[in-house]
Amino acid sequence: MNVPVSSTYFHIFSQSGLATDIMWGLVIFAIWLLDTKERPFKCLKCRSTFVRRDLLLRHDRTVHAKDGGIPLVSEGRRRGGAGVQKSSPAPAPPKPSITIDPATLEQIEASSDGIVDIETAAMLMTDFQHKAAAAATSQVNDRAESDRSFSPGRGPLLEPSVSYLSGNATLPQMPWDTLVSPVDTKHFMTQGNGQDSHTLSSMERHGPVSDALAPSLHSLVNSLPVSGNSTPSALSPYPSMTGPVSPVNYRKSPGPSQALTLPKAPQIANEIERNMIVERIRNADALGSLPDSFQLPSTAALNKYLSTYFNLYHHHLPFLHQESFKPTNTSPPLLLAVLSIGALYTFERQHAFMLHVGSKMLVTQFLQHKDNFDSRKCPLWAMQSSLLNMIFESWSGDPKGLEWTCSIKSLLANMVAGNRYQLKLRTEAREGAKPTREEWIEDESCRRTYYAVYIFFGMLTLTFNHTPAMSFDEFDNLELPSSESLWNLDVADDEAWRRSLASTTTLTVREAHDCLFQGEQVRYSAFATRVLINALFLQVWNHKRSFEALQDVVTEYKLRLALETWESSLEVCEPETIVVPLSTPQKGHPLIFNSLAVYRNTRARLEVDLKSIQEALRYHSSYEVAAAMTVAREKVKRSQEMNKVLQSCFECIEIAAIQGINWVAKTSATNWSVEHPLCGLDLMVILSLWLYRLEHDEEPATEAEMAIYNKVRNLFDDDAVDAFGKLSSTVARVWGNILDGVVVWGITKLMGESFKLHSQALIGYEDSLRVAKDQPIHPMPTKTLASVGTAY
């Protein structure tokens, strides 16, 4: 039912009680802005008016930049500027600010034409309640942080980091065990039913975190629920760590028969089910190889780990079928692998390592003691467990973990090849008949797992310059993954499910790939988008490694055409009707946001080769990585082609600046995928080195170069740049602070430290070279991870 906006104001207000009048008032005000086209923000330098303040700021930067005068600054910067006056008294903490997401208003304005229906109002109210819950949770401890400027020099990002390598432990630890203070750890471990008090993590033995980071983490820990669905009015178990979820136009949903929300995270109902899991683990450990220190955490902790895996990590690589994932029926190695990553996202490192090592040992037993092992008969759970364990090790920040991953890459690739052959035989045996729902779920699980392995191997190549372990030809005629809406569809009526399946278009990898190289837009799912950009990246990587690359201009032209077609195909990507409980700037599924990060990196690799930095990353010494960054400046040229690459670099840091750099430093670790820091490494190195050349080269900057420089410069205020001497150093320092603000994956801590050292080198480049020659570089000590347990 659609009604004019103007006739709904007092009706809605009269139906609400006093407790919700304020919330409804803000909602009505937002709708009134859309209805009356009011433009309250006026430019004092001309007669232009705007609906939002950020549009006014952008107008001032772009139109009046050359007019002189004092440029406008955002509210956050004005508050930050006031904060550096030492003589000024500290103001009282303001009340939590609750705003309507501009993306939501823009979507409603574009689609409503002045008419707002009940479903749209409900969507707006849901977004508003989410913001209100986040503001209420973080009011006491987090407000002072969020109000500060995102400039380097003013926030806690520039304060000294804590030691991440202190203390001993009975189990191997990440080099970032000290992320949570002892007080927070005790509260975190005992907030459930009190059964975790005997399994306090190794974090309790270390010193407290820095004063700047402790309040935000304390707020995070207090906000964690016992189960994944016990937080009202919030779409994430971390309401204080998430922003507005990308809005979904419910009026375009396929109908009430299809689910618009994700299934709930799998949970363990009671102690009886936990005991069943313990018994299954004991039976899987036939040789008794699990260490004596291995002990399954309490039911409350297990449910917390399941919630964080499926709510925070799963959407970035959705190869498990959430609806059919039952903890009591899942293979023990796979369950332990899922729980280990879930424990990482709750910052419980001790439990994460214990569960991970248990999963590795159980998979090892299965593979080494299975009679007549055949990759064609290898169960799917073994492949999925191995993949999650390799992900855990590769991004752990431990060089021996990466070496272990490399040692079994061929084994996992062989599992994929054998299992894929069996899938082909099963499909051919049906002789064209449609699969049942159970058969389709099994087949789709296989396909998604193959692609997840392919994507993971691609990220190893992107990060460490490793030779790809799988060829694109492995998949050739394999169907692309389905939409996330169909994958998560919960329909009791089998006939309704069949209609949904029949309405979807199936496309093979080869067909979609050929269309991209022919310049034809292709319609496929969000997961397929991620698969294809991975394929294009690997093709660019192979092209740049060939001896004929300099003369082969035809291949490079085709690659550029395919990349442009891939980007334009995002416009026709299959729309998703599910709400993912993550906060990403990109509208749509998080897989789209992740794919764009890989896309920007791929475009940059067509011009700049930073192979030396990627190879230095293999050995996990921040000093060696920083040295490789600094000496790579000769590879960054000043040209028109480089200006196009710099646009991708600017977009990478602009995303963080628009969201708020302090906010991104605290939230991106749990909301964004690991692709973003990994893909951003090359881009930020290129940007910082290009800025350095522009600042020091005798050749004057062109007009196009100055335009790029000013765009980057406008992201920071004067105090921020003055604090580090040059804009190039500022960019490197800020990016380093973003990466190690809150750490889930240890590799980001390594990269953050490397960028900070790189920033110091950019301030005094000649001095840094002299010091590097006089003093040898010693690798930082790292706890061993892969040595625990037997290798596959």
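Calculation notes
Residues numbered from 1 in each chain as written. Predicted model: local features only at pLDDT ≥ 70, side-chain atom pairs only at ≥ 80, totals over all residues. Heavy atoms only, no water. UniProt positions renumbered as here; feature names shortened; annotations may be inferred. Helix = DSSP H or I, 4+ residues; strand = E, 2+ residues; numbered from the N terminus. Buried < 20%, exposed > 50% of the residue type's maximum accessible area, 1.4 Å probe, protein only. Contact = heavy atoms within 4.5 Å. Areas by Shrake-Rupley, 256 points an atom, 1.4 Å probe, with all protein chains shown as cover. Phe/Tyr/Trp six-rings, centres within 6.5 Å; stacked < 30°, edge-to-face > 60°. Lys NZ or Arg CZ within 6 Å of the ring centre and 35° of its normal. Axes fitted to C-alpha atoms, helices over the stretch in contact; angles between N-to-C directions. Left-handed = near helix turned anticlockwise from the far one by under 90°. Nonpolar A, V, L, I, M, F, W, Y, C, P; charged D, E, K, R; others polar. Parallel < 35°, antiparallel > 145°, perpendicular 65-115°, else oblique. Salt bridge = Lys/Arg side-chain N within 4 Å of Asp/Glu carboxyl O.

An unreviewed UniProt entry annotates the protein as Fungal-specific transcription factor domain-containing protein originating from Aspergillus bertholletiae. Word for word, the UniProt comment on the protein under Subcellular location (unreviewed entry) is "Nucleus".

Draft legend 1. Structural detail: the overall build of the protein. Along its length, the protein carries 32 helices and 4 strands. For the protein, buried positions account for 56% of its 792 residues. Taking the intrachain contacts of the protein between residues at least 6 apart in sequence as the baseline, contacts between residues at least 24 apart amount to 79%. When the accessible surface of the protein is summed, it comes to about 33500 Å², and 54% of that surface belongs to carbon and sulfur atoms.

Draft legend 2. Structural detail: the packing of aromatic side chains. Across all of its chains, the model carries 17 aromatic pairs by this definition. When the centroid spacing of 6.2 Å and the interplanar angle of 55 degrees are considered together, the rings of Tyr 313 and Trp 745 count as tilted. Of this pair, Tyr 313 sits in helix α10 (residues 299-313) while Trp 745 sits in the loop between α30 (727-739) and α31 (746-763), and the two are 432 residues apart along the sequence. Across the pair, Trp 745 and Tyr 313 agree in class, each one buried. Cluster of aromatic residues (ring-pair linked, three or more members): Tyr 309, Phe 310, Tyr 313, Phe 325, Tyr 345 and Trp 745. Positioned above the aromatic ring of Trp 404 is the side chain of Lys 360, whose terminal nitrogen or guanidinium carbon lies 4.4 Å from the ring centre. Stacked on the ring of Phe 650, the Lys or Arg Lys 711 has its end atom at 4.7 Å from the ring centre.

Draft legend 3. View of the packing of helix α25 (residues 640-659) against helix α27 (residues 675-696). Two elements in contact, α25 and α27, have axes separated by 9 Å at closest approach and are oriented at 115 degrees. Of the two elements, α25 crosses α27, and the hand of that crossing is left-handed. Touching Met 642, Asn 643, Val 645, Leu 646, Ser 648, Cys 649, Cys 652 and Ile 653 of α25 are Gly 680, Leu 683, Met 684, Ile 686, Leu 687 and Trp 690, all from α27. The class makeup of the residues in the contact of α25 with α27 is 11 nonpolar, 3 polar and no charged.

Draft legend 4. A look at the packing of helix α12 (residues 349-368) against helix α13 (residues 380-394). Running from N to C, α12 and α13 cross one another at 140 degrees; their axes reach a closest spacing of 10 Å. As far as their axial angle goes, α13 and α12 are oblique. For α12 against α13, the interelement crossing comes out left-handed. Of the residues in α13, those in contact with Ala 352, Phe 353, His 356, Ser 359, Lys 360, Val 363 and Phe 366 of α12 are Trp 381, Ala 382, Ser 385, Ser 386, Asn 389, Phe 392 and Glu 393. Here the residues of the contact of α12 with α13 are counted per class, giving 7 nonpolar, 5 polar and 2 charged.

Draft legend 5. Here's a closer look at the side chain of Asn 534. With respect to the helices, strands and loops of the structure, Asn 534 is situated in helix α20 (residues 526-545). For Asn 534, a relative accessible area of 1% gives the class buried. With sequence-adjacent residues up to four places away left out, Asn 534 is seen in contact with Tyr 454, Ile 455, Gly 458 and Met 459.

Draft legend 6. Examining the pattern of salt bridges more closely. By the definition in use, this model includes 25 salt bridges. Residues Lys 360 and Glu 393 are paired through a salt bridge, measuring 2.8 Å at the closest nitrogen-oxygen approach. Pair noted here: Lys 360 is in helix α12 and Glu 393 is in helix α13, with a separation of 33 residues, a long-range link. Pair check on accessibility: Lys 360 and Glu 393 agree, each one buried.

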